[in-house]
Amino acid sequence: MSGDPSEEELEELRKKKMEQLKEQQGGESEGQEAAQQQAEAQKQAVLKQNLTDGARKRLNTVKMSKPQVGEQIEQQVVALARSGRVQGQIDEDQMKELLSELTPDSKSFDIKRR
């Protein structure tokens, strides 16, 4: 052997390098996933603390029918709670007001035929 690695050695080195890369990527994605889960748990804790049962049910109903609007409402409630602008808990009537403010009015059109 004159110092040139054989094909078998090269293949073995490639396999080791690929395994190392996979482990690194797996560790990073697990870290990101754990951070997302922790952020979601914190958000749910803030919502549970600041919403009454009726308001939470209404929010869940909205999330089922319109997930994007539900997420927007959740973010708004969390922002209000973190800024200290929520006194007590948000009840169902206040949730209705938030929903009406954040969702655009649906417009109806009357078509008259002549």
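Residues numbered from 1 in each chain as written. Predicted model: local features only at pLDDT ≥ 70, side-chain atom pairs only at ≥ 80, totals over all residues. Heavy atoms only, no water.

Where an unreviewed UniProt entry is consulted, the protein appears under the name DNA-binding protein AMS69_02165, with the organism given as Haloarcula rubripromontorii. What UniProt records for the protein under Sequence similarities (unreviewed entry) is the sentence "Belongs to the PDCD5 family." (UniProt positions renumbered as here; feature names shortened; annotations may be inferred.)

Q: Any chance you could explain the side chain of Asn-50 here in plain terms?
A: Structurally, Asn-50 can be placed in helix H1 (residues 7-50). The class for Asn-50 is buried, based on a relative accessible area of 11%. Here Val-46 takes part through its backbone oxygen, which lies 2.9 Å from a polar atom of the side chain of Asn-50. Look past the residues within four positions of Asn-50 in its chain and what remains in contact with it is Ala-81, Val-86, Gly-88, Gln-89 and Ile-90. (Helix = DSSP H or I, 4+ residues; strand = E, 2+ residues; numbered from the N terminus. Buried < 20%, exposed > 50% of the residue type's maximum accessible area, 1.4 Å probe, protein only. Polar contact = N/O pair within 3.5 Å; in protein donor to acceptor, adjacent residues only side chain to side chain. Contact = heavy atoms within 4.5 Å.)

Q: Even after reading the chapter, I still don't get the side chain of Glu-74, so can you show me in this structure?
A: The residue Glu-74 is located in helix H3 (residues 67-83) in this model. By relative accessible area, which is 2% here, Glu-74 ends up buried. Of the polar contacts made by the side chain of Glu-74, one reaches the side chain of Lys-43; its length is 2.9 Å. Not counting the four nearest positions on each side in its chain, Glu-74 is found in contact with Lys-43, Gln-44, Leu-47, Leu-59 and Lys-63.

Q: In this structure, what is going on with helix H4 (residues 92-102)? I would like to understand it.
A: In an α-helix there are 3.6 residues to a turn, and that puts residues three or four apart on one side. Within the sequence span of H4, burial applies to Met-95, Leu-98 and Leu-99. Along the axis of H4, the buried residues cluster in a sector spanning 100°; they form a single face. Buried residues along H4 sit in contact with helix H2 (53-65) and H3. (Arc of directions from axis to C-beta.)

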